[in-house]
Amino acid sequence: MTIPPATFPPLGERLTMSVEFIGMIGTHEVSEVHPARGPVVDAEYTLRFARAHEDAGFDRVLIGYGSATPDGAQVAAYVAARTERLGLLVAHRPGFVAPTLAARTFATLDQFSGGRVAVHIISGGRDAEQRRDGDYLGKDDRYARTDEYLEILKRAWTDEEPFGHDGRFYRFEDFHAEVRPHQRPRIPLYFGGSSEAAYAVGGRHADTFALWGEPLAETAEQIASVHRAAKAAGRTEPPGISVSFRPILGATEEQAWERAHRILDTIRAHGPAGSFTSSRWGREALGSPTTGARSRRTSAPSGCWPPPPGVSSTTGRCGRRPRPPPGPPGTPRRWSAPRRRSRRHCWTMWTSASRPC
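None of these values were measured; they are calculated from a predicted model.

Peer 1: Got a sec to walk through the packing of aromatic side chains? Specific residues and values, please.
Peer 2: Enumeration over the complete set of coordinates arrives at 9 aromatic pairs. An angle of 40° between the planes, with centres 6.4 Å apart, marks the rings of Y143 and F191 as tilted. Residue Y143 is located in helix α5 (residues 139–158), and its partner F191 is located in strand β7 (residues 189–192); the two are separated by 48 residues in the primary sequence. Take F191: its relative accessible area is 1%, and that puts it in the buried class. Where Y149 meets Y170, the ring centres are 5.8 Å apart and the plane angle is 65°; that geometry is what we call edge-to-face. Residue Y149 is found in helix α5, and its partner Y170 is found in the loop between β5 (163–166) and β6 (171–175); the two are separated by 21 residues along the sequence.

Peer 1: Provide a residue-level description of unusual backbone geometry, including the pertinent values.
Peer 2: Omega for the peptide link from R184 to P185 comes to 5°, which places this bond in the cis form. Note that P185 resides in the loop between β6 and β7. You will see that D174, though not glycine, has its phi angle at about 55°, which is positive.

Peer 1: Which residues make up the nonpolar core, and what values do they have?
Peer 2: Ranked by size, the top nonpolar core spans 50 residues in total, and within it V119, L150, W157 and F191 carry the most contacts. The greatest single-element share of this core, amounting to 7 residues, is contributed by α5. When near neighbours in sequence (up to four residues on either side) are disregarded, W157 contacts A103, F106, A107, V119, R180, P181, P185, R186, I187 and L189. Listed in part, the 7 residues of the second largest apolar core include I22, L89, A91 and Y190.

Peer 1: Outline the pairing of strand β4 (residues 117–122), supporting the account with residue identities and numerical values.
Peer 2: Buried residues dominate β4, accounting for 6 of its 6 residues. Side-chain alternation along β4 places V117, V119 and I121 on one buried face and A118, H120 and I122 on a second face that is also buried. As paired strands, strand β3 (residues 87–92) and β4 are joined by 5 bridges and run parallel to one another. Its bridge partner being in β4, L89 is matched across the sheet by A118. Direction of pairing for β4 relative to β7: parallel, over a ladder of 4 bridges. Following the sheet pairing, I121 is matched in β7 by F191.

Peer 1: Give a detailed account of the confidence of the model for the protein, specifying residues and quantitative values.
Peer 2: Detailed reading of the predicted coordinates is not advisable wherever pLDDT is low. Averaged over all residues, the pLDDT of the protein is 74; the fraction at 70 or higher stands at 66%. With pLDDT under 50 throughout, residues 271–327 is counted as low confidence; its partners more than four residues away or in other chains account for 206 contacts.

Peer 1: Can you tell me about helix α6 (residues 196–205), naming the residues and giving the values?
Peer 2: Buried within α6 we find A198, Y199, V201, G202, G203 and H205. The elements touched by buried residues of α6 are α5, β7, β8 (208–211) and α7 (216–232).

Peer 1: Hey, could you go over the pattern of salt bridges for me, with residue numbers and the actual values?
Peer 2: Taken as a whole and assessed by the stated rule, the structure comprises 13 salt bridges. For E20, the salt bridge goes to R60, with nearest N and O atoms at 3.0 Å. Here E20 is found in the segment before β1 (22–25), whereas its partner R60 is found in strand β2 (residues 60–63), with 40 residues between them in sequence. In this structure E20 comes out as buried when scored by relative accessible area, which is 4%. Three or more residues are tied together by salt bridges with common partners; here these are R93, R126, E129 and R132.

Peer 1: Before we move on, can you summarise the pairing of β8 with the specific residues and values?
Peer 2: Side chains of β8 alternate between two faces, with T208 and A210 and F209 and L211 buried alike. As defined by bridge partners, β7 adjoins β8 across 3 bridges and the pair is classed as parallel. Bridge pairing links G192 to A210 in β8.

Peer 1: Quick rundown of the packing of α6 against α7? Include the residues and the values.
Peer 2: Axis separation between α6 and α7 bottoms out at 7 Å; the angle between their running directions is 50°. Compared by their axis directions, α6 and α7 come out oblique. As α6 runs across α7, the sense of the crossing is right-handed. The segment α6 lies against α7, with E196, Y199, A200 and G203 engaging Q222, S225, V226, A229 and A230.

Definitions and limits used
Going along each chain's sequence as written, the residues are numbered from 1 onward. The predicted nature of this model means local features are confined to residues of pLDDT at least 70 and side-chain atom pairs, given and counted, to a pLDDT of 80 or more, with totals for whole chains, interfaces and linings taken over all residues. Side-chain numbers here rest on the full set of heavy atoms in the structure, without hydrogens or water. A pair of aromatic rings is counted whenever rings of Phe, Tyr or Trp (Trp by its six-membered ring) have centres within 6.5 Å, and the orientation is called stacked for planes under 30 degrees apart, edge-to-face for over 60 and tilted otherwise. Only DSSP runs of H or I with at least four residues qualify as helices, and only runs of E with at least two residues qualify as strands; both kinds are numbered from the N terminus onward. Relative accessibility thresholds used throughout: buried, under 20% of the residue-type maximum; exposed, over 50%; partly exposed, between the two (1.4 Å probe, protein chains only). In this text, buried Ala, Val, Leu, Ile, Met, Phe, Trp, Tyr and Cys residues form a nonpolar core when linked through side-chain atoms within 4.5 Å. Contact between two residues is taken to exist if any of their heavy atoms lie within 4.5 Å; hydrogens are not considered. A pair of strands is considered paired only if DSSP assigns at least 2 bridges between the two. How sure the predictor is of each residue is captured by pLDDT, a score from 0 to 100. For this document, the term salt bridge refers to a Lys or Arg side-chain nitrogen within 4 Å of an Asp or Glu carboxyl oxygen. Here an axis means a line fitted to C-alpha atoms, over the contact stretch when the element is a helix, while the angle between two N-to-C directions is reported on a 0 to 180 degree scale. For classification, angles of less than 35 degrees are called roughly parallel, those exceeding 145 degrees roughly antiparallel, those between 65 and 115 degrees roughly perpendicular, and all remaining angles oblique. Handedness of each helix crossing follows the sense of rotation of the near helix against the far helix: counterclockwise by less than a right angle gives left-handed, clockwise gives right-handed.

Take a look at the structure:
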């Protein structure tokens, strides 16, 4: 998990950050370029997808949420039982189950997985999607409900004595959970959203705030908004920052590297600590349009990133090995998966055309 510093840093100050790589798995084969095929729940495919991430050194995989998709907690339980160290980031929408039930569900999953669970909170961005599950609240009310929900969720994981609650959306008495999370003091909370209401609630509750990969100026503004909200909530530690992006492209390898470093510099300068997330589904995290097709010339570089400023390298750039042979038909492609080789400084991007270090 990304650990933020003890105090809020001034904006613009360069900081040392921890880095976390997060992938995304699904239960059947589908992507932006491949139509869905096979059963909706393909156990073999799901397991291969998860193990590909574990073998590649990912920290976590996101298990998404949709009104028509398989239940994320059960997908996480299946994957946790068949992997050894892969973290599970389970997307969760407040409002469809009671927070007391959600607290026990995730605490149980965290116990069985040995402390590998994190929860990604999404309040819902589209009214039509929410109504498919029977939620007719407007956007502002959804965030107000999420605020109350997370307050209860955190207390359910940490309070030793029974407690009650009488709020706008939830009311109960004498609640006490026998099952507590394996992680102490509680399960990490990630938070997504890009509105002032999202910044306010996420700034108050999140351990890591997740952003889309916007152009750099917009990303800096969003981080500043999260910081302001966290300060207004009385927090002494700001949330970590997670940024989602697609493969970094450029007309030349040098240009692609330059863009990659600009992204890192923005997070390092404006974020208290970084969860640097890669996702096929994220927007372009570049200040200018990319050029070229996905090919060996225009894909993200496959050499290892140099160390951050101020950190000496003992290994330099990583050598290259021959590209591994393709897996059996249906094996998930790793064309957007970054791989961390060293916890200190050496990372590489895997694309459809690049080779791992």
